[in-house]
Amino acid sequence: ENAACFKFLPDFIRAQLLLDRDPHGNVQVAKIETEKLLAATIAEELKQRRAAGSYKGSFKTQFHAYGYEGRAGMPTVFDSSYCYALGATASALLCNGCTGLIASVMNLLAPAREWQCGGVPVTSLCVIERRHGKEKPVIKKALVELEGPLSQPYAAYMKIRGDLRLTDAYTVTGPIQYDMDTCKASTDIPITLQLELGVQPQLLSNVPQPKRMGDFLYIPQSKKSRSELQQWRMEREHRVPDSLAKKSIAAVQVKVVSDTMCQEQDMSYVKKFFSTMGAPLLELWPQEGRGCTVPEKQRIGVVFCGRQAPGCHDFLCGMVDMFQSSPDCKVLGVVGGTHGLFNKQVVELTPEICEAYAGTGGLELLGRTVDRLKSEEELDKALKACEELQLTGLVLVGGARTNSDAAYIAEHFSKLKCKTSVVGVPCGIEGNMVNEFVEASIGFDSAAKAVAQLVGNTAIDGSSARKYYYFLRVMDGASTGGRTSTSHLALEVALQTKPNMLLLTEEVDEKRMSLRELVKEVADMVAQRSEIGSNFGTILVAEGLLSAIPEFRNLISELEAIPMPKPVDKVLAELTMWSRALFQSLPDFIQWQLLLERQSNAALQMSQLETERLLAALVEDELKQRKKAGSFKGSFSPVCQFIGYQARCSMPSDFDMDFAYTLGATATVLASTGKNGYMAVVSDLSQPVSKWRGGGGPL
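Nothing here was measured: the structure is a model prediction, and the numbers come from that model.

(A) Highlighting the overall build of the chain. Across its full length, the chain carries 24 helices and 19 strands. Its C-alpha radius of gyration of 29 Å places the chain within 12% of the 27 Å reference for a compact globule of 699 residues. In terms of principal-axis extent, the alpha carbons of the chain reach across some 90 × 70 × 60 Å. Within the chain, the fraction of its 699 residues that count as buried is 46%. Considering only residue pairs separated by 6 or more positions, the chain has 72% of its internal contacts joining residues 24 or more positions apart. For the chain, the accessible area works out to roughly 36,700 Å², and carbon and sulfur atoms hold 54% of it. Distance between charge centroids for the chain: 3 Å, based on 76 positive and 80 negative side chains.

(B) Spatial organisation of the packing of helix α12 (residues 376-388) against helix α13 (residues 400-415). Between α12 and α13, the shortest axis-to-axis distance is 10 Å and the interhelical angle comes to 65 degrees. When you trace α12 past α13, the crossing you get is right-handed. Facing α12, whose interface residues are E376, L379, D380, A382, L383 and C386, α13 presents Y408, I409, H412 and F413. In terms of residue class, the contact of α12 with α13 is built from seven nonpolar, one polar and two charged.

(C) Structural detail: the nonpolar core. Judged by nonpolar contacts, the single largest core of 81 residues is most densely connected at V302, F315, L349 and V395. If one sorts the elements of this core by residue count, helix α24 (residues 654-672) sits on top with nine residues. The residues contacting F315, other than those within four sequence positions of it, are V302, V395, V397, V425, I442, A660, Y661, L663, G664 and A667. Counting residues in each nonpolar core, the second largest holds 46 residues, with L503, I539, L582 and L595 among its members.

(D) Focus on the layout of surface pockets. The computed volume of the second largest pocket comes to approximately 410 Å³. Lining the second largest pocket are 16 residues; nearest its centre among them are L515, R516, V519, L618 and E622. Secondary structure elements with two or more residues in the lining of the second largest pocket: α17 (515-531), α19 (550-560), α21 (577-585) and α23 (611-629). With five residues, the single largest contributor to the lining of the second largest pocket is α23. Here the lining of the second largest pocket is built from residues that sort into eight nonpolar, three polar and five charged.

(E) Expanded view of the side chain of E378. As for its position among the elements, E378 is in helix α12. A residue is classified by how much of its surface remains accessible, and E378, at 14% relative accessible area, is buried. Filtering out sequence-adjacent residues up to four positions away, E378 remains in contact with F342, R372 and L373.

(F) Summary view of the sheet that holds strand β15 (residues 501-503). With respect to topology, four strands assemble into an open sheet ordered β15-β16-β14-β17, the strand pairing being parallel. Looking at which strands have only one partner, the edges of the open sheet turn out to be β15 and β17 (638-643). Across the sheet, the mean angle from the axis of one strand to that of its neighbour is 20 degrees, orientation sign disregarded. Contacts from helix α15 (residues 488-497) reach β14 (469-474), β15 and β16 (537-542), with the element oriented near 155 degrees to β16. Sheet strands in contact with α17 are β14, β15 and β16, and its direction is about 175 degrees off that of β15.

(G) Molecular detail of the packing of α19 against α21. For the pair α19 and α21, the least separation of the axes is 9 Å and the interaxial angle reads 100 degrees. Considered as vectors, α19 and α21 are oriented roughly perpendicular to each other. Facing E551, F552, N554, L555 and E558 of α19, the residues of α21 in contact are S579, L582 and F583. A class-by-class count of the residues in the contact of α19 with α21 yields four nonpolar, two polar and two charged.

(H) Fine view of the pairing of strand β10 (residues 330-334). Counting buried positions along β10 gives four out of five residues, so the element sits mostly inside the fold. Each parallel crossover has a hand, and for strand β9 (residues 299-304) linked through helix α9 (residues 312-322) to β10 it is right-handed. As judged from the three bridges shared by β10 and strand β11 (residues 346-348), these two strands associate in the antiparallel manner. Bridging from a neighbouring strand, L332 pairs with E348 of β11.

(I) Quick peek at the packing of aromatic side chains. In total, this model carries 15 aromatic pairs according to the counting rule given. A ring pair is formed by Y468 and Y470, whose centres lie 6.1 Å apart and whose planes are at 55 degrees; its orientation type is tilted. Residue Y468 is classed as buried on the basis of its relative accessible area, which comes to 11%. Classification of Y470 as buried rests on a relative accessible area of 0%. Seen from their ring centres, Y469 and F636 are 5.5 Å apart, and the 40 degrees between their planes marks the pair as tilted. Of this pair, Y469 sits in strand β14 while F636 sits in the loop between α23 and β17, and the two are 167 residues apart along the sequence. The same class applies to Y469 and to F636, which are both buried. Three or more aromatic residues joined by ring pairs make a cluster, and in this case those are Y68, Y468 and Y470. Directly above the aromatic system of F642 lies the positively charged group of R473, at a separation of 3.9 Å from the ring centroid.

Conventions and cut-offs
Sequence order as written defines the numbering, with residues in each chain counted from 1. Two thresholds apply to this predicted model, a pLDDT of at least 70 for residue-level local features and 80 or more for giving and counting side-chain atom pairs, whereas whole-chain, interface and lining totals are computed over all residues. Where side-chain values are given, they derive from all heavy atoms of the structure, hydrogens and water being excluded. Going along the chain from the N terminus, every DSSP run of H or I of four or more residues is numbered as a helix, and every run of E of two or more is numbered as a strand. The quantity called the radius of gyration is restricted to C-alpha atoms. Its globule counterpart is 2.2 Å times the number of residues to the power 0.38. Relative accessibility under 20% of the residue-type maximum defines a buried residue, over 50% an exposed one, and the middle range a partly exposed one, all with a 1.4 Å probe and only protein chains included. The criterion used for residue contact is that any of the two residues' heavy atoms lie within 4.5 Å. Surface exposure here means Shrake-Rupley accessible area, sampled with a 1.4 Å probe, where a residue is shielded only by the protein chains that are shown. Positive charges come from Lys and Arg, negative ones from Asp and Glu, while His and the chain ends are left out of the count. In plain terms, the charge of a residue is placed at NZ if it is Lys, CZ if Arg, CG if Asp and CD if Glu. Orientation is described by lines fitted to C-alpha atoms, with helices fitted over the stretch in contact, and by angles between N-to-C directions that extend from 0 to 180 degrees. Each crossing gets its hand from how the near helix is turned against the far one by less than a right angle, where anticlockwise is left-handed and clockwise is right-handed. Classes in brief: Ala, Val, Leu, Ile, Met, Phe, Trp, Tyr, Cys and Pro nonpolar; Asp, Glu, Lys and Arg charged; the others, Gly included, polar. Within this scheme, the nonpolar core is defined by two criteria: the residues are buried Ala, Val, Leu, Ile, Met, Phe, Trp, Tyr or Cys, and they are joined through side-chain atoms within 4.5 Å. Residues are said to line a cavity or pocket when one of their atoms sits within 4 Å of a point; the points come from a 1 Å grid over protein atoms alone, cavities being sets where a 1.4 Å probe fits but cannot get out and pockets being open sets with protein on both sides within 12 Å along at least five of seven lines. Grid points are joined across faces, edges and corners, and a volume is the space filled by probe spheres set on the points. Between any two strands, pairing holds if DSSP finds at least two bridges. In these notes the angle categories are as follows: under 35 degrees is roughly parallel, over 145 is roughly antiparallel, 65 to 115 is roughly perpendicular, and the rest is oblique. Throughout, right-handed denotes a crossover for which the path from the first strand over the helix to the second runs clockwise when the strands point away from the viewer. Each Phe, Tyr or Trp ring, with Trp reduced to its six-membered ring, pairs with another whose centre is within 6.5 Å; inter-plane angles below 30 degrees give stacked pairs, above 60 give edge-to-face pairs, and intermediate values give tilted ones. Geometrically, a charge over a ring is one whose NZ (Lys) or CZ (Arg) sits within 6 Å of the ring centre while staying within 35 degrees of the ring normal.

Next comes the structure, spelled out in structure tokens:
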């Protein structure tokens, strides 16, 4: 029976079951990818149901294993106080000649000064269990109680489990807080502990019924549905530059600062596409005198085209607040991204709606779809939607691809005498919009800090256990058409956390390093550290690393020209001899990932390539060869993780809240004053917020 079960399992699970045992001789359960096993079997079940006609949905999966990045993090206020009390109690017991006791601190619901400290005899906690064929007294491991005196946490979850299967009631508890004076959440203790000590469980907040708008479900959240920390965060007032201090269109004037030009070698060619070449750089100033006349009945639409990023909701708050003194003007949020624009799926954004989203991450309110507005058909659809919605302005929020599209849309609208002004906004955790006019993009700061926290925690975990090499792949800028991905996020995180090695996409591309050279460099570092007794470390891997390796770049370029999905044998037939040989030499998991469904821009999904796993496997093989040759005597145990999705919807930092809000206000000013073909920008970001300068740069 066991043999049949083992044969039934996928190859990767069988391989993980046969890994080296832990120091106690047990299977390393932490290295078994249970989540992938479940997903694979569920996918097969749904496939059968689809064939039977009982299932018509879609099922796409992402995988994460959590743990290493949590067990070495900065402690909460509760943990700091509790552990300090335990340390003091243990010392007091020893100084008083007590032995055979476990330090105990009780009455934890009360303020710390009222906690009860003491000692409990170890023998009173022991039960008899069979270990290695012998009966032995051991302290019983506490499991989750399904019934009994400590079953309150499970009972509380059971009350809401049925509702959660169909209701999206996600709660973001946010980062650990230490402001004990103003933030009540900073002194929270674990919910399970509260329930075990008699606190009554909280009921689910009422979630409004979803409103279907095309393929998107519009579910506006209330302030009461937010976590305690989120509600506290919403009370924070956005800081703005002096030029926007009155938060009124009438109190702002737009001044021409200087002429602009693109790169000289591209000038003549770019002019063929854009009639606005050489448009001036603009800057927002406080309005002098009685104020300017505000155009009436402005209707500005806003579309999230790029990927999720912290701060996007604060951007909406900035737009809406700028129209508060102009009651006949409206901000219309497009629900469902570019597809929502084509289908005219809009909701009027009000201060009441935005209030519940201030200081929250992601694009939960409006959502997004395919970030592409480029073909003539798509441009015409956008124009028709803007005319039918009577939009005087259209704001597109996204990265380099989105703002490139915005330039084409602006030109298209201008040629056809459309009255809608198009304004782009730099947004994205990858930070690849930085140039002489754009100092930062929405979300980069927050995402970098969130990723850095996870990376730093994991690195400290490694230096605590001193037996693992962590290969951490960091989400970064997407590549297009085989070109090099960006690594700004990985570099920022490396500067913040100081890992042992950073594998930067741009550096590998500049040096034209082969995969073999890359593996050798990592193996050399591992060998050097082993000589000083450090058989552990942290290696940061930029997401798009493989696209910078020459042989992989050619392979990726050829694969992107082949429509997917397609069977392996047919794909091999369309590859050149060199790319075919490289593809066949790769592990099965990389081959499979290279053939996954493409991104919206037809590019390979770099986020789905487990580059860190490939590198770890190749480095392990290299070190085994060195060990056989006698040139390596250390140990190498790799642990691989991908970090990115956990950060791009995190709660925004103070900087991103203020930056996004200021960009929202700036974009509203530009769109309502007819500045077509501009990108909203904010400069002097190293200065206090009051000294920031909002303006517009021609796309």
